[in-house]
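Here's the letter readout for the chains.
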Amino acid sequence: WFESDGKVGFVSRSSLASSVVGMDTMVRHMYENTSAKLHEVLRMATLTPAERVDMANDVGSLEPGKRADLILLDPSLSVQEVYMDGRPFHVA
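Residues numbered from 1 in each chain as written. Predicted model: local features only at pLDDT ≥ 70, side-chain atom pairs only at ≥ 80, totals over all residues. Heavy atoms only, no water.

### Some thoughts on the sheet that holds strand 4 (residues 70-73)
Strand order across the open sheet formed by three strands is 4-5-6, with antiparallel pairing between neighbours. Each of the sheet's edge strands pairs with one partner strand only, and the pair in question is strand 4 and strand 6 (87-88). (Pairing = 2+ DSSP bridges. Helix = DSSP H or I, 4+ residues; strand = E, 2+ residues; numbered from the N terminus.)

Below, the structure written as structure tokens:
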């Protein structure tokens, strides 16, 4: 069962359920509510999951040969731009 406080989803209040909200929301929540540094939080949201599912050769960091899917965040960690395969993505 999932619960939500309107910002973050939880599974029995013991673990986060990131699929309930966007990744940008989860990054902001982790950064604002823990002592983790921003670069640590961003790694937790990108490369760590890719490593866990054995996809780090294709996604999770910006390196030659990897897919260039990324979001550009502003200083408040809100989404400003989205890129898929290195090209700007615009929601209709």
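### Description of the environment of Ala36
Along the chain, Ala36 falls in the loop between helix 1 (23-33) and helix 2 (38-45). If sequence neighbours within four positions are ignored, Ala36 has contacts with Tyr31, Val41 and Met44. (Contact = heavy atoms within 4.5 Å.)

### Some thoughts on the packing of helix 1 against helix 2
In contact at an axis separation of 10 Å, helix 1 and helix 2 are set at 140° when each is read in the N-to-C sense. Crossing of helix 1 against helix 2: the hand is right-handed. Judged by residue contacts, Met23, Val27, Met30 and Tyr31 of helix 1 engage Leu38, Val41, Leu42, Met44 and Ala45 from helix 2. Its residues placed into classes, the contact of helix 1 with helix 2 shows nine nonpolar, no polar and no charged. (Axes fitted to C-alpha atoms, helices over the stretch in contact; angles between N-to-C directions. Left-handed = near helix turned anticlockwise from the far one by under 90°. Nonpolar A, V, L, I, M, F, W, Y, C, P; charged D, E, K, R; others polar.)

### Some points on a nonpolar patch on the surface
Together, Tyr31, Leu38 and Leu42 make up a nonpolar patch on the protein surface, roughly 230 Å² of accessible area in all. Its place among the elements puts Leu38 in helix 2. Residue class for Leu38 comes out partly exposed when judged on its relative accessible area of 31%. (Patch = residues over 30% accessible without salt bridge, like charges linked within 9 Å, V, L, I, M, F, W, Y side chains within 5 Å. Areas by Shrake-Rupley, 256 points an atom, 1.4 Å probe, with all protein chains shown as cover. Salt bridge = Lys/Arg side-chain N within 4 Å of Asp/Glu carboxyl O. Buried < 20%, exposed > 50% of the residue type's maximum accessible area, 1.4 Å probe, protein only.)

### Topic: the pattern of salt bridges
On inspection of all chains with the given rule, the structure shows four salt bridges. Salt-bridge contacts for Arg28 lead to Asp24; the nearest nitrogen and oxygen are separated by 3.3 Å. Here Arg28 and its partner Asp24 are both found in helix 1, four residues apart, which amounts to about one turn of the helix. Summarising the burial analysis for this pair, Arg28 and Asp24 share the class buried. Salt-bridge contacts for Arg43 lead to Glu51; the nearest nitrogen and oxygen are separated by 3.1 Å.

### What to know about unusual backbone geometry
Positive phi is not limited to glycine here, since Leu77 has a value of about 65°. Mapped onto the elements, Leu77 comes out in the loop between strand 4 and strand 5 (79-84). Residue classification places Leu77 among the buried positions, given a relative accessible area of 8%. For Asp85, which is not a glycine, the phi torsion comes out positive at approximately 55°.

These figures capture arrangement, not role.
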